Number of protein chains: 2
Amino acid sequence: MSTERDILITEVALRDGSHAIAHQYTVEQVKKVAKALGEANVPYIEVAHGDGLGGSTLQYGLSRTNEMELIEAAVSVCGDSKVAVLVLPGIGTITDLKQAVSIGAKMARVATHVTEADVSAQHLSKAKEMGLETVGFLMMSHMAPVEKLVEQAKLMESYGADTVYMVDSAGALLPHQVKERVRALRQNLQVNVGFHGHNNLSLAMANTLAAIEEGAQRIDGSIRCLGAGAGNTQTEVLIAVLENMGIKTGIDLYKLMDTAEEVIAPLLQSPQEITRDNLVLGYAGVYSSFLLHAQRASKKYGIDSRDILIELGRRKVVGGQEDMIVDVADELARQRKAN
Amino acid sequence: MSTERDILITEVALRDGSHAIAHQYTVEQVKKVAKALGEANVPYIEVAHGDGLGGSTLQYGLSRTNEMELIEAAVSVCGDSKVAVLVLPGIGTITDLKQAVSIGAKMARVATHVTEADVSAQHLSKAKEMGLETVGFLMMSHMAPVEKLVEQAKLMESYGADTVYMVDSAGALLPHQVKERVRALRQNLQVNVGFHGHNNLSLAMANTLAAIEEGAQRIDGSIRCLGAGAGNTQTEVLIAVLENMGIKTGIDLYKLMDTAEEVIAPLLQSPQEITRDNLVLGYAGVYSSFLLHAQRASKKYGIDSRDILIELGRRKVVGGQEDMIVDVADELARQRKAN
């Protein structure tokens, strides 16, 4: 039986959601979730460390269970659903990808910062050689102007991506910005366009609908909002909204609602709310890893950590430039003294 | 010092939020919240039982503290902010309203079902006589076609409403439906248009932006989502989003964020999430009071309570018609047997 689907959903609770539970998934939990998602007819289920294959490190947080065991567990129970893996070049290797494929992963999503698509070339082409479906995943998309985003997406297309995702990692984009970007991607790419949103500004659903309106064909969701920061577009809610709009996903809404309530909610260490910290990250449009550094600098220089984060967002500081945080705090403190 | 405001915000956590904490507000809590909201320069603060003045009954839930004490407490500490009260004709009386005014309430919001604006005539005209700012509040707006909504809004305007609100009580409206409705109201009313949303479909923020885009000048929010069902448009997040869009509310964002985190979050008995029950209510577009009845009928007739609620939504069943729930369950059970 073939299923009619206008939009292809990828469920990311077993990858992005890993951040929300400090990478503590067990084989038992992953089996329960993946089985339920398979029964609800979710087409793609992403499984990996929150920072992708190989992410289990002191720097990114150690996983309780080896991710290959989790991928194998998901594959064993998810029926017709396909298991996807995320991989960030520099963290996850081709060897990691090969291993994931050998145990049943069917899709590789290769993620880079929005201005660094060139580092995805080898991973995307190797994934294609292995016969995988391929996705190029442009993170922190709000940081690049539209033309730059399109240029980088075209690079990923040239490396063999079947779909290019615009990823609003900080949950910072506004609906009109999503529309403008997805429209430009659709006009300039031959391949499919996807959207992955975060809810830090309570706009994940609005942005997802904006992306669909402009022709995005693939959408990520996390059931019960189980994702980094304030979580992602809440999958079971999205399916309900799309049903009310007459857009088909092929997913069984009742089964998904039951899974959210009975399987996912009990896993959550604390429910996904828009807290002050998550809101600030979305408002400033910066990496979540900056938060703690900014709070430390705030104490040292007597500047509100929010002012520091907003200034970092203005300067489009990226991961790896954490030393800029102290510079900015120092500069703001001098300015205040001078005024 | 006058404050420039493109949009006038009414904070409803001390009224709609009363539902979320089973009407257990104390004088101490209300003082703390209202003081903080006043310091953040929030123009209007609504204080009352969740179902409006006089709502403290066995039927709607007993308040821990007499609402007049809570109103008085809010007025005493909220500085330049104005205290608003909600009143539903049939529950709250003109006498209740007079008492609220005598202790400092400055705005009356008179609420009726979207097709029953005629019952607001007396309350609105008396409120006007008392020198109050007046709002007509059309609840369950998704249940009426656009023409009906406009007709009812015009009635409220004729009774003396300074603003008419479109209220998405069940959190059931989609952004394009909000746009269509607000546009029609703006075209047909002389007075201001407001919007009050709920987040059952994760669309409160999207719908609020849609309403503003079409010219709504007044918006309700609840800090930390503290409202009935899945809560309202989260006020502090809305202010952040509007700042990023260049729309002025005159509200101090940092103070509001701090209030949400430090004053409101500790009050919540459980955080505001989109649970299965809340999602079903938004998806079906029915009254929250139907939920328990539908779950009971589900057990008796062996029909999924969601199917019952969706059918009730299709038939646009309203509060007071709870006997229809059993009829619908019985009918669905017979249909299944026949098939």
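Residues numbered from 1 in each chain as written. Chains lettered and ligands numbered in written order. Predicted model: local features only at pLDDT ≥ 70, side-chain atom pairs only at ≥ 80, totals over all residues. Heavy atoms only, no water.

Here we take up the overall build of chain A. Looking only at helices and strands, one finds 14 helices and 8 strands in chain A. If you line up chain A on its principal axes, its C-alpha atoms span 70 × 45 × 45 Å. Expressed as a percentage of its 339 residues, the buried residues of chain A come to 61%. If you take every contact in chain A between residues at least 6 apart in sequence, the share linking residues at least 24 apart comes to 77%. For chain A, the exposed area adds up to about 12800 Å²; of that, 47% sits on carbon and sulfur atoms. Computing the positive centroid from 33 side-chain charges and the negative centroid from 42, chain A places the two 3 Å apart. (Helix = DSSP H or I, 4+ residues; strand = E, 2+ residues; numbered from the N terminus. Buried < 20%, exposed > 50% of the residue type's maximum accessible area, 1.4 Å probe, protein only. Contact = heavy atoms within 4.5 Å. Areas by Shrake-Rupley, 256 points an atom, 1.4 Å probe, with all protein chains shown as cover. Lys, Arg positive; Asp, Glu negative; His and termini not counted. Charge placed at Lys NZ, Arg CZ, Asp CG, Glu CD.)

This part takes up the pairing of strand 4 (residues 107-113) of chain A. All names here are of chain A. Counting buried residues in strand 4 gives 7 out of 7 residues, a clear majority hidden from the surface. As paired elements, strand 3 (residues 82-87) and strand 4 share 4 bridges and run parallel to each other. Opposite L86, over in strand 4, you have R109 as the bridge partner. Viewed along the sheet, the connection from strand 3 through helix 4 (residues 94-102) into strand 4 turns out right-handed. (Pairing = 2+ DSSP bridges. Right-handed = clockwise from strand over helix to strand, strands pointing away.)

Here the focus is the UniProt feature "binding site: substrate" (unreviewed entry) in chain A. Residues and elements named next belong to chain A. The UniProt feature table records "binding site: substrate" (unreviewed entry) at R15, D16, S169, H196 and Y287. Along the chain, R15 turns up in the loop between strand 1 (8-11) and helix 1 (17-20). R15 has contacts with E46, V47, A48, H49, G50, L86, R109, F137 and H196, leaving out every residue within four places of it along the chain. Relative to the helices and strands, S169 resides in the loop between strand 6 (163-167) and helix 7 (175-188). Not counting residues within four places of it along the chain, the set of residues in contact with S169 comprises M139, M140 and H198. For S169, the side chain forms a polar contact with the main-chain nitrogen of M140, separated by 2.8 Å. (UniProt positions renumbered as here; feature names shortened; annotations may be inferred. Polar contact = N/O pair within 3.5 Å; in protein donor to acceptor, adjacent residues only side chain to side chain.)

This paragraph deals with the domain arrangement of chain A. Residues and elements named next belong to chain A. Along its sequence, chain A is carved into domain 1 (8-267) and domain 2 (276-338). The straight-line distance from the C-alpha centre of domain 1 to that of domain 2 is 28 Å. Between domain 1 and domain 2, the residue contacts involve 11 residues of the former and 11 residues of the latter. Linking domain 1 with domain 2 are 0 salt bridges. At the boundary of domain 1 with domain 2, the tally comes to 4 residue pairs in polar contact (both at pLDDT 80 or more). (Domains from an automatic or database assignment. Salt bridge = Lys/Arg side-chain N within 4 Å of Asp/Glu carboxyl O.)

Residue and element names in this part refer to chain B. It is at 11 Å that the axes of helix 8 (residues 204-213) and helix 9 (residues 235-244) come closest, and there the two elements cross at 50 degrees. Our classification of the angle between helix 8 and helix 9 gives oblique. Classified by chirality, the crossing of helix 9 by helix 8 is right-handed. Judged by residue contacts, M205, T208, L209 and I212 of helix 8 engage V237, L238, V241 and L242 from helix 9. Here the contact of helix 8 with helix 9 is composed, by residue class, of 7 nonpolar, 1 polar and no charged. (Axes fitted to C-alpha atoms, helices over the stretch in contact; angles between N-to-C directions. Parallel < 35°, antiparallel > 145°, perpendicular 65-115°, else oblique. Left-handed = near helix turned anticlockwise from the far one by under 90°. Nonpolar A, V, L, I, M, F, W, Y, C, P; charged D, E, K, R; others polar.)

Quick look at the sheet that holds strand 2 (residues 44-46) of chain B now. Residues and elements named next belong to chain B. With parallel pairing, the 8 strands of this closed barrel are ordered in space as 1-2-3-4-5-6-7-8. Going from strand to strand, the sheet's axes swing by 25 degrees on average, the running direction of each strand aside. Of the strand pairs in this sheet, strand 4 (residues 107-113) and strand 5 (residues 133-139) are connected by 7 bridges, and their pairing is parallel. Bridging across to strand 5, A111 finds its partner in F137.

So, on to the sheet that holds strand 7 (residues 192-196) of chain A. All names here are of chain A. Around the barrel, which closes on itself, the 8 strands sit in the order 1-2-3-4-5-6-7-8 with parallel pairing between neighbours. Across the sheet, the mean angle separating the axes of adjacent strands is 25 degrees when strand polarity is ignored. Of the pairings in the sheet, the one linking strand 1 to strand 2 (residues 44-46) comprises 2 bridges and is parallel in character. Each residue of the ladder has a partner; that of E11, found in strand 2, is I45.

Here the focus is the nonpolar core. Formed by 226 residues in total, the largest nonpolar core has its most connected members in I308 of chain A together with I308 of chain B. For I308 of chain A, the contacting residues outside a window of four places in its chain are A294, A297, S298, I303, I325, V328, A329 and L332 of chain A. Listed in part, the 12 residues of the second largest apolar core include L86, A111, V135 and F137 of chain A. (Core = buried A, V, L, I, M, F, W, Y, C linked by side-chain atoms within 4.5 Å.)

This next bit is on the relation of the copies chain B and chain A. Expressed as a screw transformation, the operator carrying chain B onto chain A has a rotation angle of 180 degrees and an axial translation of 0.0 Å, and the superposed copies differ by an RMSD of 0.0 Å. Taken together, the rotation and translation describe the operation of a two-fold axis. Of every C-alpha in chain B, the one belonging to A206 of chain B sits nearest the axis of rotation, 2.5 Å from it. By residue overlap, the copies meet face to face through one surface: 100% of the interface positions of chain B are interface positions in chain A. (Least-squares fit on C-alpha atoms with pLDDT ≥ 70 in both.)

Moving on, we come to helix 12 (residues 290-301) of chain B. All names here are of chain B. For helix 12, which comprises 12 residues, the first-to-last C-alpha distance of 16 Å matches the rise-based estimate of 16 Å (1.5 Å per residue) to within 8%. The complete set of buried residues in helix 12 reads F290, L291, A294, A297 and S298. For helix 12, the angular spread of the buried residues around the axis is 130 degrees, confining them to a single face. Relative to its buried face, helix 12 has exposed residues pointing more than 90 degrees away, namely L292, R296, K299 and K300. (Expected span 1.5 Å × (residues − 1). Arc of directions from axis to C-beta.)

Another point: the interface of chain B and chain A. Taken together, the contact between chain B and chain A spans 38 residues of the former and 38 residues of the latter. Interface area, chain B with chain A, both sides summed: about 3500 Å², of which 59% is carbon and sulfur. When the buried area of chain B at its contact with chain A is split by residue, Y254, R276 and Y283 of chain B rank highest and sum to 20% of it. Inspection of the region where chain B meets chain A yields 8 salt bridges. Salt-bridge contacts for R276 of chain B lead to D258 of chain A; the nearest nitrogen and oxygen are separated by 2.5 Å. At the boundary of chain B and chain A, one finds 20 residue pairs in polar contact (both at pLDDT 80 or more). (Buried area = accessible area lost by both parts, 1.4 Å probe.)

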